[in-house]
Amino acid sequence: MMRAEQARMSTWQQLIARCVVAFHFGMWSWGMWIALVIACFFHKTSAALMTLYLAYIFLYHGNRALSTHVYPTYFRSWSGWRKAADYFPAKLHKTADLDPSGNYLFACHPHGITSWSSWLAFATEGTGFAQQFPGLTMHVLTLTINLRMPFMREYLLLHGLSDASRQTCTKILKSGKGQSIMLAIGGATESLYASPGTMDLVLHRRKGFVRVALQTGASLVPVINFGENEVYSTIRGNPSSGLRNFQIWMERKVGITIPIFWGQGVVIPFGFLPKRCPINTVVGAPIPVSRFDGDIKSSEGLQQVNEYHRKYIAALTELWQANKPRYAKQGTADLNLVE
């Protein structure tokens, strides 16, 4: 199926698709933006402008953009994202209709290395989210530190991204009908488990998203990104190795980490672009959550959190079992909650 779809793309179309994918990877590259910021300080005028820009980012007005969605989402519907989706190819599948008058917390698994599936399915219209879920307004949430990186922040904000703080989650879900958010539950820690042929998830100790759902009454929507772990080859450090200890230390201190990975190049076989593997994002049926107005940290609140967390894991497992035969690569290990 994948080869047939790739065959329908001309050489020119394939090149355009690779360039779009390379563009996105470059926009997420911290090293490039840090180097650009440093370079600006070697020129007086550029240094002055950069100082003002940095002040804007970290002071009231610039900082406010992280959670108030004041940027227009021009880039979300860019036609280039459809070409990027064709590159893999990536597709979005729904298993149930979602009432546009409700609010939803889409919980995505796995995070993978760079979350290509979640980006195409929810941060863009590359796979047709608005057509499949009419009436919903999607807000993809990311680490605050990503939205403080000069220049990269504008790129993310123009796609409608906001910071993943609990305050922002709650504010969005309470802001009106159809307002929904997407979170990659496993985060940076889960990226260290990403490897072809696996579905190792960090979920046992991740309950913050359930607390948000309880405090807002938003329904939980399990999402599985089949193929996400196939797009990069990785080196998974031994749990007791110096590499793994450094990666974990960095994640705890900075909020991000550096997995060892590689894919393919734009014109050569080796590079950091993702491999052309089919990605299928499957959206499960919503799990209704009754709003809890009491103290979420009380014994009653903790009981509610644990109950809905168990329900969520059961629904996610069911979604995996129902769709694994169709969308998982042959030989993929079973879903495994490693943390």
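Our structure is the block above this text.
Owing to the predicted nature of the structure, the values given are computational and were not obtained by experimental measurement.

Asks: Help me understand the overall build of the chain in this model?
Replies: A count of helical and extended segments in the chain gives 14 helices and eleven strands. Its C-alpha atoms give the chain a radius of gyration of 20 Å, near enough to 20 Å, the size a compact globule of 339 residues would have. When its C-alpha atoms are laid out on the principal axes, the chain stretches across 60 × 50 × 45 Å. Out of the 339 residues belonging to the chain, those deemed buried represent 52%. Here the contacts in the chain between residues at least 6 apart in sequence split such that 79% fall between residues at least 24 apart. Carbon and sulfur atoms make up 59% of the accessible area of the chain, which totals about 15900 Å². If the 33 positive side-chain charges of the chain are averaged to one point and the 19 negative ones to another, these points end up 6 Å apart.

Asks: Looking at this structure, how should I read the packing of helix H2 (residues 11–27) against helix H6 (residues 80–87)?
Replies: Each pair of packed helices can be summarised by the angle the axes make with each other and by the distance between the axes. The interhelical angle for the contact between H2 and H6, taken along N-to-C directions, is 105 degrees, at an axis separation of 8 Å. The angle between H2 and H6 places the two elements in the roughly perpendicular class. Here H2 contributes Ile16, Ala17, Arg18, Val20, Val21 and His24 to the contact with H6, which in turn contributes Gly80, Trp81, Lys83, Ala84 and Tyr87. Here the residues of the contact of H2 with H6 sort into seven nonpolar, two polar and two charged.

Asks: Help me out: how do you make sense of the pattern of salt bridges in this one?
Replies: Pairs can form between side chains of opposite charge once their charged atoms are near each other. Taken as a whole, this structure holds seven salt bridges when the rule is applied. Where lysine 94 meets aspartate 97, a salt bridge forms, and the shortest distance between an N and an O atom there is 2.7 Å. Looking at aspartate 97, the relative accessible area reads 61%, which means it is exposed.

Asks: What is the right way to look at the nonpolar core in this model?
Replies: Soluble globular proteins: nonpolar side chains tend toward being buried together. The biggest cluster of nonpolar side chains holds 48 residues, and the ones touching the most others in it are Phe88, Phe106, Trp119, Phe122, Phe129 and Val283. A total of six residues in this core trace back to one element, the largest contributor, which is helix H7 (residues 116–123). Ile185, Met199, Leu214 and Leu335 belong to the second largest nonpolar core, which has 37 residues in total.

Asks: What should I look at first to understand the packing of aromatic side chains in this one?
Replies: Working definition: an aromatic ring pair is given by the centre-to-centre distance plus the angle between the planes. Per the stated rule, a full pass over the model turns up 21 aromatic pairs. Plain terms: the ring middles of tyrosine 232 and phenylalanine 261 are 4.8 Å apart, the flat faces sit at 70 degrees to each other, and that makes the pair edge-to-face. Taken together, the residues span a long stretch of sequence, with tyrosine 232 in the loop between strand S7 (219–226) and strand S8 (233–235) and phenylalanine 261 in strand S9 (residues 260–262) at a distance of 29 residues. Side by side, tyrosine 232 and phenylalanine 261 carry an identical accessibility label, which is buried. Residues phenylalanine 261 and phenylalanine 272 carry aromatic rings whose centres are separated by 5.7 Å and whose planes lie at 75 degrees to one another, so their mutual orientation is edge-to-face. With phenylalanine 261 in strand S9 and phenylalanine 272 in the loop between S9 and strand S10 (279–283), this pair connects stretches of sequence that are eleven residues apart.

Asks: Explanation requested: the sheet that holds strand S4 (residues 162–163) in the structure shown.
Replies: Adjacent strands of a sheet pair through backbone hydrogen bonds, lying either parallel or antiparallel. In space, the seven strands of this open sheet follow the order S1-S10-S7-S2-S5-S3-S4, with mixed pairing throughout. Edge strands, defined here as strands with exactly one partner in the open sheet, are strand S1 (90–94) and S4. In this fold H7 packs onto S1, strand S2 (104–109), strand S3 (137–142), strand S5 (179–184), S7 and S10, with an angle of close to 60 degrees to the strand it touches most, S10. Packing against the sheet, helix H10 (residues 166–173) makes contact with S2, S3, S4 and S5, and its axis sits at approximately 150 degrees to S5.

Asks: Just checking my understanding: could you explain unusual backbone geometry for this structure?
Replies: Negative phi is the rule for most residues except glycine; trans is the rule for most peptide bonds. Here phenylalanine 88 and proline 89 are connected by a cis peptide whose omega angle stands at 0 degrees. By the secondary structure assignment, proline 89 is in the loop between H6 and S1. Proline 110 follows histidine 109 through a cis peptide bond whose omega is -10 degrees. The residue phenylalanine 151 is not glycine, and still its phi comes out positive at about 70 degrees. Looking at the element boundaries, phenylalanine 151 is found in the loop between S3 and helix H9 (152–157).

Asks: Mind showing me how you'd approach the environment of isoleucine 145 here?
Replies: Tracing the backbone shows isoleucine 145 in the loop between S3 and H9. Residue classification places isoleucine 145 among the partly exposed positions, given a relative accessible area of 26%. Isoleucine 145 sits 56 residues away from leucine 201 along the chain, and the two C-alpha atoms are 23 Å apart.

Quick notes on the rules
Residues numbered from 1 in each chain as written. Predicted model: local features only at pLDDT ≥ 70, side-chain atom pairs only at ≥ 80, totals over all residues. Heavy atoms only, no water. Helix = DSSP H or I, 4+ residues; strand = E, 2+ residues; numbered from the N terminus. Rg over C-alpha atoms; globule rule 2.2 N^0.38 Å. Buried < 20%, exposed > 50% of the residue type's maximum accessible area, 1.4 Å probe, protein only. Contact = heavy atoms within 4.5 Å. Areas by Shrake-Rupley, 256 points an atom, 1.4 Å probe, with all protein chains shown as cover. Lys, Arg positive; Asp, Glu negative; His and termini not counted. Charge placed at Lys NZ, Arg CZ, Asp CG, Glu CD. Axes fitted to C-alpha atoms, helices over the stretch in contact; angles between N-to-C directions. Parallel < 35°, antiparallel > 145°, perpendicular 65-115°, else oblique. Nonpolar A, V, L, I, M, F, W, Y, C, P; charged D, E, K, R; others polar. Salt bridge = Lys/Arg side-chain N within 4 Å of Asp/Glu carboxyl O. Core = buried A, V, L, I, M, F, W, Y, C linked by side-chain atoms within 4.5 Å. Phe/Tyr/Trp six-rings, centres within 6.5 Å; stacked < 30°, edge-to-face > 60°. Pairing = 2+ DSSP bridges.

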